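# Chain and residue survey
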Amino acid sequence: MMSTSTGLRVLVADLVKRQGSSRSIVLEAPIGALEVVGSHLTEPGMVRLDLHLERILEGLVVRGTIGAAWSGSCARCLQPVSGDIAVGVDELFEPEPIEGDTYQLDHDSIDLEAMTRDCLGLELPLAPVCRDDCAGLCPTCGIDRNVETCDCASDSSDERWAGLAGLRFDEST
Ligand SMILES: [Zn+2]
Ligand SMILES: [Zn+2]
């Protein structure tokens, strides 16, 4: 029989009843928006959970992997970048969870969404690059140095600006 669930809530009455029992599940569901500074889950935030649930004395151990696709922009050249995350999980669900450490085991079900969001939030890249040797944008004229070259020589332009700044000071006094 297929395990029934809505989104990331999984019925576990069968496991709760029997110490030492275990079961594998595969779930795919969208968890919506999740983002960090440099990237976010690709819409609509589809995640895939490949998990093994095991009933122990304290509650339910959830082990396996969580996979998702992310999108963002290159931290150097601002072009779109994307990739996949696969993060390992090993968490305890118990009737009286410890904030920030374990998750809630309800009477006959567990909701995997909080665990999923926590794990993926830590795994999303903060400063993704389109490729390791991305040359980035010219800080002076802003062209993409992966596709164009420019004549900006930072030393000479710095001197020019320094001269202008000095001139303005003279005029205002
Ligand atoms: Zn780039
Ligand atoms: Zn330039």
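A short tour of the structure in this document, coming up. Along every chain, residues carry numbers that run from 1 in the direction the sequence is written. Just so you know, chain letters begin at A and ligand numbers begin at 1, following the order they were written in. The predicted nature of this model means local features are confined to residues of pLDDT at least 70 and side-chain atom pairs, given and counted, to a pLDDT of 80 or more, with totals for whole chains, interfaces and linings taken over all residues. Computation of side-chain values covers all heavy atoms of the structure but excludes hydrogens and water.

### Focus on the side chain of Ser-21
Within the fold, Ser-21 resides in the loop between helix H1 (13–17) and strand E3 (22–30). Exposure classes here rest on a 1.4 Å probe applied to the protein chains alone. A residue is buried below 20% of its type maximum, exposed above 50%, and partly exposed in between. Exposure remark for Ser-21: the relative accessible area of 7% places this residue in the buried category. In this description, contact between two residues means that some pair of their heavy atoms is separated by no more than 4.5 Å. Not counting residues within four places of it along the chain, the set of residues in contact with Ser-21 comprises Asp-14, Leu-15, Leu-53, Glu-54 and Arg-55. Counting from the N terminus, the helices are DSSP H or I runs at least four residues long and the strands are E runs at least two residues long.

### Let's talk about the coordination of the zinc ion (ligand 1)
For a metal with four donors in a tetrahedral arrangement, the ideal angle between donors is 109.5 degrees, while six donors in an octahedron ideally sit at 90 or 180 degrees. A donor here means any N, O or S atom no more than 2.8 Å from the metal (3.2 Å for Na, K and Ca); water is not included, so a site may seem to lack partners. Summarising the metal site, the zinc ion (ligand 1) is bound by the protein donors Cys-74 (SG), Cys-77 (SG), Cys-130 (SG) and Cys-134 (SG), whose distances to it range over 2.3 Å. Spacing between the donor residues of the zinc ion (ligand 1) along the chain follows C-x2-C-x52-C-x3-C. Neither residue differs from the other here; Cys-74 and Cys-77 are each classed as buried.

### Some remarks on the pairing of strand E7 (residues 80–94)
In this description, strands pair whenever DSSP reports at least two bridges between them. Bridge count for strand E6 (residues 60–73) against E7 is 14 bridges, and the pairing is antiparallel. Counted as the bridge partner of Arg-63 is Asp-90 from E7. Relative to strand E8 (residues 103–104), E7 runs parallel, the two being bridged by 2 bridges. Note on E8: the bridge partner recorded for Phe-93 is Tyr-103.

### A closer look at helix H2 (residues 113–123)
Of the positions making up H2, those classed as buried are Met-115, Thr-116, Cys-119 and Leu-120. All buried residues of H2 project into a common sector of 115° when viewed along the axis, lining one side. Here the buried face of H2 lies against strand E4 (39–41), strand E5 (46–55), E6, E7 and E8. Arc, as used here, means the arc of the directions from the helix axis to the C-beta atoms.

### Some details on the nonpolar core
Buried Ala, Val, Leu, Ile, Met, Phe, Trp, Tyr and Cys residues form a nonpolar core when they are joined through side-chain atoms within 4.5 Å. Core analysis: the largest hydrophobic core is formed by 36 residues, its most contacted members being Leu-51, Leu-53, Phe-93, Ile-110, Leu-112, Met-115 and Leu-120. Where this core is concerned, the elements lending two or more residues are E3, E5, E6, E7 and H2. Dropping the residues within four chain positions of it, Leu-120 is found in contact with Ile-31, Leu-34, Leu-41, Val-47, Ile-66, Ala-68, Ile-85 and Val-87.

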